[in-house]
Amino acid sequence: MENTSGQGSAALVPPEIDRWNWGAFLLNWIWGIGNNTFIALLMFVPLVNVVMAFVLGAKGSTWAWRNKRWESIDQFKQIQKKWAVWSLIIYALLVALFVGLFFLISALLKNSDAYQLGLTKLQANPEAMAVLGPPISTGMVQGSIQTSGPTGSANISFSVKGQSARGTLYLDAKKDLGQWKANRIELEIDGRQSRIDLNR
């Protein structure tokens, strides 16, 4: 079959390459620049970009064949395969990065003075410890902590688990003159309607 690549809309697209293109779908505008398919830049248009990713996946191979000169069908398939592999690698790295950031932030929150205040209050409350049943373990911390020198505020929560029950600790605290104080700190036990006030 004659090599018609790079001849624009008049180019005849070989059936063996007229298929879904993962590189175009996942890397869209980056793939578009690399394959002379600049319609992929529509990915920067709001709302259009939602549909455009799927259009590129479906039509990407056809457009790339028509818009760029290729040595052969085999070369085209090899290059597009590389785009697909690299797109999967990049997405895997991005997922790993976000997961790593999530665990890093959670670890930083667990090392905070606000978290330690909540844990100390929990362990010092006889009612809470009796209901949960020691030893106590805690889960990931959620919420936010903001500090500025000797002042700050914290609104966090974390799961707690004991031998007899499990629940969630909620803490609203403020830092003033370098000291953290709990405005409100409550323990919600799973299956119970009322919360335990750990400030009492």
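Since we're looking at a predicted model, the values are computed, not measured.

Time to look at the side chain of K175. In this fold, K175 is placed in strand β3 (residues 166-176). The buried charged residue K175 lacks any salt bridge, with D113 as its nearest oppositely charged partner at 5.4 Å. Within polar-contact distance, the side chain of K175 engages the backbone oxygen of G149 at 3.3 Å. Discounting residues that sit within four places of it in the chain, K175 has contacts with G149, P150, T151, G152 and W180.

Turning our eyes to something else, we now look at the layout of surface pockets. Counted as a void, the largest pocket has a volume near 220 Å³. Around the largest pocket sit E16, I17, R19, W20, N21, W22, S61, F76, K77, Q80, K81 and A84, which together line it. Among the elements that line the lining of the largest pocket, the one with the most residues is helix α3 (residues 73-110), at five residues. Across the lining of the largest pocket, the residue classes tally to five nonpolar, three polar and four charged.

A few words now on the nonpolar core. Counting 24 residues, the largest nonpolar core has L122, L132, V160, L169, L171, L187 and L198 as the members making the most contacts within it. Residue assignment for this core shows that the elements contributing at least two residues are α4 (113-123), α5 (126-132), β2 (151-161), β3 and β4 (179-189). When sequence neighbours within four positions are dropped, the list of residues in contact with L122 reads A128, M129, L132, I136, V160, L169, L187 and L198. Residues F25, L56, I73 and F76 belong to the second largest nonpolar core, which totals 19 residues.

Cut-offs and rules
- All residue numbers here refer to positions counted from 1 along the written sequence of the relevant chain.
- The predicted nature of this model means local features are confined to residues of pLDDT at least 70 and side-chain atom pairs, given and counted, to a pLDDT of 80 or more, with totals for whole chains, interfaces and linings taken over all residues.
- With hydrogens and water set aside, each side-chain value is computed from the structure's full complement of heavy atoms.
- Secondary structure follows DSSP: runs of H or I at least 4 residues long count as helices, runs of E at least 2 residues long count as strands, and numbering of each begins at the N terminus.
- Burial status follows relative accessibility: with a 1.4 Å probe on protein chains alone, a residue under 20% of its type maximum counts as buried, one over 50% as exposed, and anything between as partly exposed.
- Neither His nor the chain termini are counted; the positive set is Lys and Arg, and the negative set is Asp and Glu.
- The working definition used for a salt bridge is a side-chain nitrogen of Lys or Arg within 4 Å of a carboxyl oxygen of Asp or Glu.
- Pairs of N or O atoms are called polar contacts if they sit within 3.5 Å, as long as, within protein, a hydrogen donor faces a hydrogen acceptor (for residues adjacent in sequence, only side-chain-to-side-chain pairs).
- Should any heavy atoms of two residues lie within 4.5 Å, those residues are considered in contact.
- Residues are said to line a cavity or pocket when one of their atoms sits within 4 Å of a point; the points come from a 1 Å grid over protein atoms alone, cavities being sets where a 1.4 Å probe fits but cannot get out and pockets being open sets with protein on both sides within 12 Å along at least five of seven lines.
- Grid points are joined across faces, edges and corners, and a volume is the space filled by probe spheres set on the points.
- We call Asp, Glu, Lys and Arg charged. Ala, Val, Leu, Ile, Met, Phe, Trp, Tyr, Cys and Pro are nonpolar, and the rest, Gly among them, are polar.
- Nonpolar core, defined: a set of buried Ala, Val, Leu, Ile, Met, Phe, Trp, Tyr and Cys residues in which side-chain atoms within 4.5 Å join the residues together.

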